[in-house]
Amino acid sequence: MDLRALVAAMSDARPGERVWASLVVDEAVLARLIRAAEHPRAFDHACRTPPDRWPHPGTPHDALITAVCQRVDDFRRLLEAALAAVELRDFSFAPYLRVAFPAGLAFDEPTPAQDCFAQDLGTGGIPSTQRHYGLRWAAAFSLWVAVDQWDRGVAYRQQFVGCAVRAAMGLDHHMHVDLTTPHARALGEVLSELGSWQRDGLPVQLHPGDLGWQWRFGPAALAGALRVWTANGTVVAIGLLDEGSLVRMGVAPSADQDEGLARILLRDLEDPARGVLTGDKPIVEARFGTVFRSLLRRRGWIDDEPWTPLVRDLRSPVETPRVRVETVGHERVADRVAVQRAAFDRSTFTAGRWTVMSRSPAYRHARCLVGYDDRDNAVAAATVWSAGEGRPGLLEPVGVHRDHRGRGYGTAITLAAASTLRDMGASSATVVTPTSNAGAVATYASAGFRRLPAVTDFALVR
């Protein structure tokens, strides 16, 4: 029996014909049907003379995918066929959608499966000769038409097309990715982009506050330490270099599962000629980017120092600290500097560097705090950085004067920092410390921060 006749029998209106067809479809035949569905135009051309008693009102391809979708539960097997169908006119995606989302479309938030489908359709469903940023919207529109043809309510359709539009704004696997060192004039744009990546519930990764703290060495030095990866003008990854052998990475949330980008990042990190990492033991801080982290391990990068992220939800008020805390202006810079240098043995912080930092665009969304004991000694300090209203804020750095440790001042300044971030509109407060620093971990926990699983840097021994 040939394939066309089998497909016809599968779609026959008579139950007996359909039962008989189902009995002859084993896994090998089903695999052939799926492969045929991945080439819809070729299949229609091969079937331009339908077999007798062709029961389906549409094209042979319509009958084919209807039959295939009745027999496949795992939508990933059908993804290539669904993508190929994007190029067709007057085609209903309903059979594919019913397999992809057997429970229906999500109303409040797209499921991971929906986002995956929309991402693949939005970036992979356009002919390779037409792949560029603007035409990704064509795939989103195709998905809108598909959902509109599916008998669901308007709210469902609007929700799902929103998912597709977000995916269409993501990274196209076939795009060219550029690696650049930004000019100092572009630092504001980099800060804004990095701030938009900060989301509650995602791993704690590179934050605008990390760049803001680094700004104390001046905008030119900060710009020279940055590496920015862009695709058609869209920033998809940012790296902050530390002494040439360590890069702290931030990856756009939309690129979390993008293997194409992960491979490009890894190529640039492993090749010293690309101007990112040098030395015999390059280290990558990559706390976000599921595929990127997995690829690092597969390529032989090994676990390096573990770090512990901690987070505190700021929806509820923060307890009042048991010390007097002041916001630093020029009149308290000397106290801020003194605590910093007494808290970190190798600190090079100066009043001049605080001034440079405080004049930066990043510091418009930051505060420096100093805590005082009952004798008016400056005993602890912290700097907090906001990423914007409703986004996680960062504590960087936090320190207690070496002469005043063990008296609860670390907890007090941490509470003050969290309270300040809440007043600035942050949704949560985050901090990251070496896992080996058990005292710091305990301090943040005592200030109501929830300890998250430790994450490691990645090291490569050349």
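Residues numbered from 1 in each chain as written. Predicted model: local features only at pLDDT ≥ 70, side-chain atom pairs only at ≥ 80, totals over all residues. Heavy atoms only, no water.

(A) Structural view of the overall build of the protein. A tally of regular secondary structure across the protein gives 19 helices and 13 strands. In the protein, which comprises 462 residues, the proportion classed as buried is 53%. Taking the contacts inside the protein whose residues are at least 6 apart along the sequence as the reference set, 71% of them involve residues at least 24 apart. When the accessible surface of the protein is summed, it comes to about 21,500 Å², and 50% of that surface belongs to carbon and sulfur atoms. (Helix = DSSP H or I, 4+ residues; strand = E, 2+ residues; numbered from the N terminus. Buried < 20%, exposed > 50% of the residue type's maximum accessible area, 1.4 Å probe, protein only. Contact = heavy atoms within 4.5 Å. Areas by Shrake-Rupley, 256 points an atom, 1.4 Å probe, with all protein chains shown as cover.)

(B) Fine view of the packing of aromatic side chains. The tally for this structure, following the rule as stated, stands at four aromatic pairs. Centre to centre, the rings of Tyr363 and Trp385 are 6.0 Å apart; their planes meet at 80°, and the pair counts as edge-to-face. Of this pair, Tyr363 sits in the loop between helix H17 (351-358) and strand E8 (366-372) while Trp385 sits in strand E9 (residues 378-385); the two residues are 22 residues apart in sequence, bridging distant segments of the chain. Trp385 matches Tyr363 in its accessibility class, with the two residues each being buried. Relative to Phe449, the ring of Tyr444 has its centre 6.2 Å away and its plane inclined at 55°; by these criteria the two rings are tilted. Each member of the pair, Tyr444 as well as Phe449, carries the same accessibility label: buried. Here the aromatic cluster, defined as three or more aromatic residues joined through ring pairs, consists of Trp354, Tyr363 and Trp385. (Phe/Tyr/Trp six-rings, centres within 6.5 Å; stacked < 30°, edge-to-face > 60°.)

(C) Focus on the nonpolar core. If you look at the biggest cluster of nonpolar residues, it comprises 62 residues, and the most contacted ones within it are Leu211, Val284 and Phe292. Excluding its chain neighbours within four sequence positions, the residues that come into contact with Leu211 are Val190, Leu191, Leu194, Leu206, Leu222, Leu226 and Leu240. Val400, Ile413, Ala418 and Val431 belong to the second largest nonpolar core, which has 28 residues in total. (Core = buried A, V, L, I, M, F, W, Y, C linked by side-chain atoms within 4.5 Å.)

(D) Summary view of the environment of Ser360. In this fold, Ser360 is placed in the loop between H17 and E8. Distance in space between the C-alpha atoms of Ser360 and Trp213 is 9.9 Å, their sequence separation being 147 residues.

(E) Inspection of the packing of helix H3 (residues 27-37) against helix H5 (residues 60-69) at higher detail. Running from amino to carboxyl end, H3 crosses H5 at an angle of 135°, the nearest separation of the two axes being 10 Å. Considered as vectors, H3 and H5 are oriented oblique to each other. Crossing angle aside, the handedness with which H3 passes H5 is left-handed. Within the contact between the two elements, H3 uses Leu33, Ile34, Ala36 and Ala37 and H5 uses His61, Leu64, Ile65 and Val68. The residue makeup of the contact of H3 with H5, split by class, is seven nonpolar, one polar and no charged. (Axes fitted to C-alpha atoms, helices over the stretch in contact; angles between N-to-C directions. Parallel < 35°, antiparallel > 145°, perpendicular 65-115°, else oblique. Left-handed = near helix turned anticlockwise from the far one by under 90°. Nonpolar A, V, L, I, M, F, W, Y, C, P; charged D, E, K, R; others polar.)

(F) Highlighting the pattern of salt bridges. Counted according to the given criterion, the structure contains 15 salt bridges. For the salt bridge of Asp345 with Arg402, the shortest nitrogen-to-oxygen distance reads 3.3 Å. Residue Asp345 is located in the loop between helix H16 (333-343) and H17, and its partner Arg402 is located in the loop between strand E10 (392-400) and helix H18 (409-423); the two are separated by 57 residues in the primary sequence. For Asp345, a relative accessible area of 69% translates into the label exposed. (Salt bridge = Lys/Arg side-chain N within 4 Å of Asp/Glu carboxyl O.)

(G) Layout of helix H14 (residues 259-270). Taking 1.5 Å of rise per residue, the 12 residues of H14 would be expected to cover 16 Å, and the 16 Å separating its terminal C-alpha atoms lies within 8% of that figure. Among all positions of H14, only Leu261, Ala262, Ile264, Leu265, Leu266, Asp268, Leu269 and Glu270 are buried. As for H14, its buried residues are in contact with strand E1 (177-180), strand E2 (226-231), strand E3 (234-242), strand E4 (246-251), strand E5 (283-285) and helix H15 (290-298). (Expected span 1.5 Å × (residues − 1).)

(H) The arrangement of unusual backbone geometry in detail. Cis geometry marks the peptide bond from Glu396 to Pro397, where omega comes out at 0°. Along the chain, Pro397 turns up in strand E10. One non-glycine residue, Asp376, lies in the positive phi region at around 70°. Within the element layout of this structure, Asp376 appears in the loop between E8 and E9. Classification of Asp376 by relative accessible area gives partly exposed; the value is 48%.

(I) Broad picture of the pairing of strand E13 (residues 455-459). The buried fraction of E13 is high, at five of five residues. The sheet contact formed by E5 and E13 spans two bridges and is antiparallel. Within the sheet, the bridge partner assigned to Val284 lies in E13 and is Phe458. Here strand E6 (residues 302-313) pairs with E13 via four bridges, running antiparallel. Bridge assignment links Pro306 to a residue of E13, and that residue is Thr456. (Pairing = 2+ DSSP bridges.)

(J) Summary view of the environment of Gln214. Checked against the element boundaries, Gln214 lands in helix H12 (residues 208-214). Relative accessible area serves as the criterion here: at 23%, Gln214 is assigned to the partly exposed category. In this structure, the C-alpha to C-alpha distance between Gln214 and Asp242, residues 28 residues apart in sequence, is 9.8 Å. Not counting residues up to four positions away in its chain, the partners in contact with Gln214 are Leu222 and Leu240.

(K) The pairing of E6, seen in detail. Direction of pairing for E6 relative to strand E11 (residues 428-434): antiparallel, over a ladder of seven bridges. Residue pairing for E11: Arg312 is matched across the bridge by Ala429. Pairing of E6 with strand E12 (residues 450-451), which is carried by two bridges, proceeds in the antiparallel orientation. Residue pairing across strands places Val311 opposite Arg450, the latter belonging to E12.

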